[in-house]
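# Fold and contact review
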Amino acid sequence: MCCGLAALLGALVHVSVTNRTVSDARSRALVRLDEAVRAYEAGNRLPPNSGIDARGLPKPLRELAVGGRRGTMVGVADGYPTMWAAAPADGRALAVQIDYAQSAATIENLDRAILGSSALAIGVTLIVGALGVSGVTRRLRTTSQVARRISAGDLDARVGDPRTTDPARYRDEVAAVAAALDTMASTLQRKLLSEQRFTADVAHELRTPLTGLHAAAELLPAGRPTELVRDRVAALRTLTEDLLEISRLDAGSERLELDTIRLGVLAERVAAHASGGDTEVRVAEDAWVETDRRRLERVLGNLVANAHKHGAPPVVVTVEGASVSVRDHGGGFPGYLVAEGPQRFRTEGSAKGHGLGLTIAVGQAEVLGARLGFENAPDGGALAVLRLPVSGGWSRSSPRP
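Heads up: these notes are all about the structure in this document. Keep in mind that what you see is a predicted model, and the values were worked out from it rather than measured. (Residues numbered from 1 in each chain as written. Predicted model: local features only at pLDDT ≥ 70, side-chain atom pairs only at ≥ 80, totals over all residues. Heavy atoms only, no water.)

## What to know about the sheet that holds strand β2 (residues 71-77)
Rules: DSSP calls a pair of strands paired once it identifies at least 2 bridges connecting them. Here a helix means four or more residues in a row that DSSP labels H or I, a strand means two or more in a row labelled E, and each is numbered from the N terminus. For helices, the axis comes from a line fit to the C-alpha atoms of the stretch in contact; other axes are also lines fit to C-alpha atoms, and the angle between any two N-to-C directions lies between 0 and 180 degrees. Here a residue-residue contact requires only that any non-hydrogen atoms of the pair lie within 4.5 Å.
One open sheet accounts for 4 strands, arranged β1-β4-β3-β2; its pairing is antiparallel. If you trace the sheet from one side to the other, it starts and ends with β1 (50-52) and β2, each paired once. Each neighbouring strand pair of the sheet contributes to a mean axis angle of 30 degrees, computed without reference to strand direction. Pairing of β2 with strand β3 (residues 80-89) involves 7 bridges; the strand directions are antiparallel. By the bridge assignment for β3, Gly71 is matched with Ala86. The strands touched by helix α2 (residues 59-66) are β2, β3 and β4 (92-99); relative to β3, the strand with the most contacts, the crossing angle is about 15 degrees.

## Topic: the sheet that holds strand β10 (residues 371-376)
With mixed pairing, the 5 strands of this open sheet are ordered in space as β6-β8-β9-β11-β10. Looking along the sheet, the strands with just one partner apiece sit at the ends: β6 (279-285) and β10. Across the sheet, the mean angle separating the axes of adjacent strands is 15 degrees when strand polarity is ignored. Sheet topology places β6 next to strand β8 (residues 315-320); 6 bridges connect them, and they run parallel. Residue pairing in the sheet places Val283 in a bridge with Val319 of β8.

The following block contains the structure:
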């Protein structure tokens, strides 16, 4: 806008000065023309720089005078700018000329001054604007980076704009956004920590009475009611242990115990243990990986158990390098799970469970530095793919039949 305004003002000044200069020169030329006309009509000698059909008279002005009309026009005479004025004189053109070089030079100098001042003003405006905008964009970029860190799970990230804490400094819109983001992150962090403490406390407090309940159930006489009680107590103990594991994952207190393992062998052992041998294991390309054995077994065991519980046979575990996929041939994952990932205590339709198995698998995969994705196979069935990190180093071994 500043550059456009400078250009507009320059154009207006140029037009105004040019019109005034041309008008002054035209007035002087017409005064000289009147003197020449009176001298011509009186038969006297014509004034200097005037004559009949003068050499260099512009053709349009000549034709205008021959046609019986008076007029003026800027032209060139002997290589210099000239203001011409012409009037009819017995079928010919009586013309006078005055020097227009000084006026043209004035306009040229004015245009040069306008261009120089406009360029200077535009340059200063651009420099000041760039400095001001770069400061704002830098702060906005910092705010957006902090927002991305918060969305990625770093709830300790803060913008920390000094304008939000120093009352002596002007608090602009960027500072208001930064303050709102910091407040939101602090509130969200307090709520999440409160929920994590609540979950951990509840699960911890449930362990003692459940231990006693389990011991009491073992003392009940054999029978169908006793089996039902023991089954429900076992399910409640599993849920409590899952809640404790989730609370530890949320708190970020898990630590890796790295070991070098053969992925195909581990997949076969997990499949046999989690399903009783009803899972097909295919090793397309075996590999040695450096990871936490217990956590990897937990992830794969939950995936296999979920496939048998909520899918349909056959359940196939495929090892291909540092990637392990678990697929069933049931109805596939719910739409929300594919789009947003597993959510605790949420299941689709009439499915049984608490939605904690896949949640724990995702949490343990993050601890391992692996990526766990969920999708539905094109020809039907749910497909979970675990991709282990390769930065720690993994080596191929010979494919097995």
